[in-house]
Structures are given as C-alpha cells and as structure tokens.
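# Remarks on the overall topology
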Amino acid sequence: MVKLRLARAGKKKKPIYKIVAADARAPRDGKFIESIGQYDPNMNPMIIDVKETALFRWLKNGAQPTDTVRSLLRRKGLWLKWALVKRGSDETFITTKMDEWNRIQVDKAVRESAKKERRKVAKKKAAQETAAA
C-alpha cells in the first residue's frame, strides 16, 4: 500500500519535511517513490508547497494520506479540491468553490489576528492593574 506521508529533513531542532509517496513498510526517512511537496513549520506563516498534479495522481491511484498530511492538505485547500474532483464536478464549479474557500480563509485570518490583538491588549491592561494595586 502506498502512503502519502512526511519524511523529516533539515537541522536538529529545525525540521523541514518532504511530503512523499512511499510504501507503507518503508521507514519514515527511508526509501520513497516520489516527493510531491514540502512542509516547513519553522516559518511564520508555515510553508506548505505541494505539486497538485502529482498529489491528485497518487490519490487517484489509491494512495492513502496520513492524518498529518491530510490536515496539511485541508489547510491548503487541496483536500476540498480533491473531494470536488472525485465527485466529478466541472472546472467552473471547482474554481468558484475554491475562490469562496479562499475568501473564507482570508476572513478567518483577519478574525484570528484581531483576536490575538485583543488578547494582547487585555493582558497588558491586566498587568497594569496588578502593578497599580
């Protein structure tokens, strides 16, 4: 069985992962069939780079992604695109759905940054109140 999984690379304490198609019996950093992408958790925001054609080819041939790879694909929006392709949706429908998904992600990022800012202000205010008391 072929799995889509992560293979670790990079320095000590600074991992970079390759997203690879590998035999399920092969070791994590061992032999793999094809490298289809890269994941760098050290950057802010993290970098997820995947070759779509290779990914869809492997998924179409029955490769199973690990839970971590599946979550990375969801974060990138490729899992939604794969679900639409698998259903047999036409290109225009897929494009509109992906545009809608991208707008939702932008709104989500704005809300998250505002939430972080509010927490930062509240923490600063609480520190000032305890210092004044």
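In the block above lies the structure referred to throughout.
Summarised in this report is the structure supplied together with it.

Conventions adopted
Residues numbered from 1 in each chain as written. Predicted model: local features only at pLDDT ≥ 70, side-chain atom pairs only at ≥ 80, totals over all residues. Heavy atoms only, no water. Helix = DSSP H or I, 4+ residues; strand = E, 2+ residues; numbered from the N terminus. Rg over C-alpha atoms; globule rule 2.2 N^0.38 Å. Buried < 20%, exposed > 50% of the residue type's maximum accessible area, 1.4 Å probe, protein only. Contact = heavy atoms within 4.5 Å. Areas by Shrake-Rupley, 256 points an atom, 1.4 Å probe, with all protein chains shown as cover. Pairing = 2+ DSSP bridges. Axes fitted to C-alpha atoms, helices over the stretch in contact; angles between N-to-C directions. Core = buried A, V, L, I, M, F, W, Y, C linked by side-chain atoms within 4.5 Å. Phe/Tyr/Trp six-rings, centres within 6.5 Å; stacked < 30°, edge-to-face > 60°. Salt bridge = Lys/Arg side-chain N within 4 Å of Asp/Glu carboxyl O.

## Examining the overall build of the protein chain
On a plain count of helices and strands, the protein chain comes out with four helices and five strands. When the helices and strands of the protein chain are read in sequence order from the N terminus, they spell out β-β-β-β-α-β-α-α-α. In terms of overall dimensions, the protein chain is more spread out than a globule: its C-alpha atoms have a radius of gyration of 20 Å, far above the 14 Å expected for 133 residues. Taken along its principal axes, the extent of the C-alpha atoms in the protein chain is 65 × 45 × 15 Å. Expressed as a percentage of the 133 residues in the protein chain, the buried residues total 26%. At a minimum sequence separation of 6, the contacts of the protein chain that also span at least 24 residues come to 32%. When the accessible area of the protein chain is evaluated, it comes to approximately 9700 Å², of which 53% is carbon and sulfur surface.

## Details of the environment of Gly-77
Structurally, the position occupied by Gly-77 is in the loop between α2 (67–76) and α3 (78–87). Take Gly-77: its relative accessible area is 1%, and that puts it in the buried class. Once residues lying within four places of it in the same chain are set aside, the contact partners of Gly-77 are Met-98 and Trp-101.

## Comments concerning the sheet that holds strand β4 (residues 47–50)
Across the sheet, which stays open at both edges, the five strands sit in the order β4-β3-β2-β1-β5 with mixed pairing between neighbours. The sheet is open, and its two borders are formed by β4 and β5 (64–65), each paired with just one other strand. Where strand β1 (residues 2–11) and β5 come together, two bridges link them in parallel fashion. Across the sheet, residue Lys-3 finds its bridge partner in β5, namely Gln-64. Running over the sheet, helix α1 (residues 52–60) touches β1, β2 (14–23), β3 (34–40), β4 and β5 and is turned about 120° from β3.

## Re the nonpolar core
The biggest cluster of nonpolar side chains holds 20 residues, and the ones touching the most others in it are Leu-4, Leu-6, Ile-36, Val-50 and Leu-55. Elements with a minimum of two residues in this core: β1, β2, β3, β4, α1, α2 and α3. Broken down by element, this core gets its largest block of residues, five residues, from α1. Those residues within four positions of Leu-55 in sequence are excluded, and the remaining contacts are Leu-4, Ile-36, Val-50, Leu-73 and Leu-78.

## Some details on the packing of aromatic side chains
Inspection of every chain in the model, using the stated rule, returns two aromatic pairs. Relative to Tyr-39, the ring of Tyr-17 has its centre 5.9 Å away and its plane inclined at 20°; by these criteria the two rings are stacked. Here Tyr-17, found in strand β2, pairs with Tyr-39, found in strand β3; they are 22 residues apart in sequence, far enough to count as distant. There is no split in this pair, since Tyr-17 and Tyr-39 are both buried. Pairing Phe-56 with Trp-82 gives two aromatic rings, centres 5.8 Å apart and planes at 25°, and the pair type is stacked. Taken together, the residues span a long stretch of sequence, with Phe-56 in helix α1 and Trp-82 in helix α3 at a distance of 26 residues.

## Here we look at the pattern of salt bridges
This model, assessed by the stated rule, comprises five salt bridges. Close ionic contact of Glu-34 with Arg-57 constitutes a salt bridge, the shortest N to O distance being 3.2 Å. Taken together, the residues Glu-34 in strand β3 and Arg-57 in helix α1 connect sequence positions 23 residues apart. Overall, the relative accessible area of 21% leaves Glu-34 in the partly exposed class. Of the residues examined, Arg-57 reaches a relative accessible area of 39% and is grouped as partly exposed. Among the ionic pairs, Asp-67 bridges to Arg-70, the shortest N-O distance being 3.4 Å. Separated by three residues within a single helix, Asp-67 and Arg-70 lie in helix α2, roughly one turn from each other.

Taken by themselves, the reported measurements are silent on function.
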